[in-house]
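Fold and contact review
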Amino acid sequence: ECLPQVLDTFNTTALEVCIGQQQDMDFQSQSDVSVDNYIEMIRLKTSVLLGGCMKIGSIISGASEEDQKRLYDFAIALGLSFQLWDDYLDTFGDGSKTGKQVGGDILANKKTYIMIRAIELASAEQKATLNAQWNNENPIEKIDVVTSLFRSLQLDTLLKQQVNDYYQLALQRLDSMSIPSAKKESLRQLAQALHTREY
């Protein structure tokens, strides 16, 4: 009975994830990537996967269309929070906890939220520093210089605030669902675990 809607959600999700992955790759050769472009890319690359899973579960469980949308919206906001926190950990995290090299996005010259905001907020001198580091083949120096510049622009604080804003939005959307609070608890715990992770 619900198979057509499940398959439609699955197919839409699969297509959007592929589009998001392609956008992520395309950004590396583009010079005019905005924060809005980046948020839309991570929505497609990461958030819709979580959203699609949640929506399929809600369809199968017989949730109302309104609650299906609310649960999907919860997952989208949570996915954005998750991906932005992943960006934070890549630059400012503890490598012994994340299990990967801190500064990997810097070394790869990835246009992450932090890099895009740095380009927007940097002075002419700071932009020159960023440009000089783009082709720096000394990885330790490159990570140190760029990370220090990010901190001087308070991008660590700014990114944490953005992560928290999406996390709070996710909780608001979860709270808006018309089901008993006790049934939302496992989703709330999932959200908290993703929000406080150090890896």
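The residue numbering used here restarts from 1 in each chain and proceeds along that chain's sequence as written. Only residues with pLDDT of 70 or above have their local features reported here, since the model is predicted, and side-chain atom pairs are shown and tallied only from 80 upward, although totals for entire chains, interfaces and linings are computed over all residues. Only hydrogens and water are set aside when side-chain values are computed; all heavy atoms of the structure are taken into account.

1. Describing the packing of helix 9 (residues 155–175) against helix 10 (residues 181–196)
The condition is simple: Only the stretch in contact is used when a helix axis is fitted, and all axes are lines through C-alpha atoms; the angle between N-to-C directions ranges over 0 to 180 degrees. Helix numbering and strand numbering both begin at the N terminus, where a helix is a DSSP run of H or I of at least 4 residues and a strand a DSSP run of E of at least 2. An angle below 35 degrees is read as roughly parallel, one above 145 as roughly antiparallel, one from 65 to 115 as roughly perpendicular, and any other as oblique. Contacts were defined at the residue level, with two residues in contact if any of their heavy atoms lie within 4.5 Å. Under the scheme applied here, ten amino acids are nonpolar (Ala, Val, Leu, Ile, Met, Phe, Trp, Tyr, Cys and Pro), four are charged (Asp, Glu, Lys and Arg), and all others, including Gly, are polar.
Closest axis-to-axis distance for the helix 9/helix 10 pair is 11 Å, and the angle between their directions is 175°. The pairing of helix 9 with helix 10 is recorded here as roughly antiparallel in orientation. For the pair helix 9 and helix 10, contact is made by Val163, Asn164, Tyr167, Leu171, Leu174 and Asp175 and by Lys184, Leu187, Arg188, Ala191, Gln192 and His195, respectively. Its residues assigned to classes, the contact of helix 9 with helix 10 comprises six nonpolar, three polar and three charged.

2. Focus on the packing of aromatic side chains
Operational definition: Between 30 and 60 degrees the pair is tilted, below 30 it is stacked and above 60 it is edge-to-face, where a pair is any two Phe, Tyr or Trp rings, Trp via its six-membered ring, whose centres lie within 6.5 Å. Buried means the residue's accessible area, taken with a 1.4 Å probe over protein chains only, is under 20% of the maximum for its type, while exposed means over 50%, and partly exposed covers the values in between.
Following the criterion strictly, the structure yields two aromatic pairs and no others. Look at Trp85 and Tyr88: their rings are 4.7 Å apart centre to centre, the planes differ by 5°, and that puts the pair in the stacked class. Of this pair, Trp85 and Tyr88 both sit in helix 3 (residues 65–92), three residues apart, roughly one helical turn. Per residue, the accessibility class of Trp85 equals that of Tyr88, and both read buried. For Tyr88, a relative accessible area of 10% puts it in the buried group. Within the aromatic cluster, the residues linked to one another by ring pairs are Trp85, Tyr88 and Phe92.

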